[in-house]
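So the chains spell out like this:
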Amino acid sequence: MTDNTWLNRWDDRYDSEQFAYGTDPNHYLKEQLNKLIPGSILFPAEGEGRNAVFAATKGWDVSAFDISGNGQKKAFQLAEQNKVGIDYQVGELSMLNYSKEQFDVIALIYAHFPASVKSSIHQMLNQYLRKGGFIIFEAFSKNHLEYIAKDEKVGGPKDIESLFSIDEIKVDFPNYNIEELTETEIELNEGLFHNGTGSVIRFVGQKI
């Protein structure tokens with residue numbers, strides 16, 4: 001799945017001393033986790049660990065993965081600063097050793113996988129969530145391209161296939177009671193690369 005271009009892109013982004021998307025958790029993730037009793041949680045494409053570390057400080061048993069070793073290093077650094085432990089693996093999902101129904105929550109926060117595999121990764125992740133568990137999702141919508149055209153500082157993929165629609169989420173996660181599924185305009189202020197007005201899909205679903 002991962003070609004070197006994709007891997008190099010993220011290793012380069014996470015190579016700086018500064019945190020690409022800051023060290024504070026994503027606002028939507030924080031809001032949703034505060035409603036739940038801590039359990040086991042998985043963060044796919046977790047980058048430098050800001051969300052995973054936040055969850056760990058709130059008592060969650062945290063697992064995370066990304067293809068970038070540089071991301072993992074920064075995540076461990078942030079975890080140490082916050083005096084928490086996280087399980088963070090480097091590699092593609094198909095090569096990692098998660099178990100069926102292992103997690104209470106899977107948090108997909110700007111987890112923009114390559115277009116050719118994003119649906120298959122969602123379907124794979126679905127197996128790792130227990131019945132009654134929750135998906136928490138925030139990522140850029142297909143309409144976000146219009147926002148990038150106005151202001152590139154808002155960040156996000158520039159190809160429409162890597163962006164999301166409400167219909168795609170319904171197809172990828174069919175066996176869920178939908179608590180929230182909306183496309184909305186938000187103001188982002190996350191580190192160096194998410195700044196300005198953008199369009200996102202937000203989804204919270206409970207697995208049936």
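Just so we're clear, the structure is a prediction, and the values are computed from it rather than from any experiment. (Residues numbered from 1 in each chain as written. Predicted model: local features only at pLDDT ≥ 70, side-chain atom pairs only at ≥ 80, totals over all residues. Heavy atoms only, no water.)

A.B. asks: Looking at this structure, how should I read the sheet that holds strand E2 (residues 61-66)?
C.D. replies: Strand pairing in a sheet relies on backbone hydrogen bonds, with the paired strands running either antiparallel or parallel. Ordered by their spatial adjacency, 7 strands build an open sheet running E3-E2-E1-E4-E5-E7-E6, and the pairing between neighbours is mixed. Whereas interior strands pair on both sides, the edge strands pair on one side only; in this sheet they are strand E3 (87-90) and strand E6 (176-190). For this sheet, the mean inter-axis angle between neighbouring strands, taken without regard to orientation, is 15 degrees. Relative to strand E4 (residues 103-109), strand E1 (residues 40-43) runs parallel, the two being bridged by 2 bridges. (Pairing = 2+ DSSP bridges. Helix = DSSP H or I, 4+ residues; strand = E, 2+ residues; numbered from the N terminus. Axes fitted to C-alpha atoms, helices over the stretch in contact; angles between N-to-C directions.)

A.B. asks: Can you walk me through the side chain of glutamate 138 in this structure?
C.D. replies: Its place among the elements puts glutamate 138 in strand E5 (residues 129-140). Other than its neighbours up to four places away in sequence, glutamate 138 contacts Asn26, Tyr28, Leu108, Ile109, Tyr110, Ile186, Val200, Ile201 and Arg202. (Contact = heavy atoms within 4.5 Å.)

A.B. asks: Hey, could you run me through the side chain of histidine 194 in this one?
C.D. replies: If you trace the backbone, histidine 194 turns up in strand E7 (residues 194-207). Look at histidine 194 and you get buried, because its relative accessible area is 4%. Among residues more than four places away in sequence, those in contact with histidine 194 are Tyr21, Tyr110, Phe140, Lys153, Val154, Gly155, Leu188 and Asn189. (Buried < 20%, exposed > 50% of the residue type's maximum accessible area, 1.4 Å probe, protein only.)

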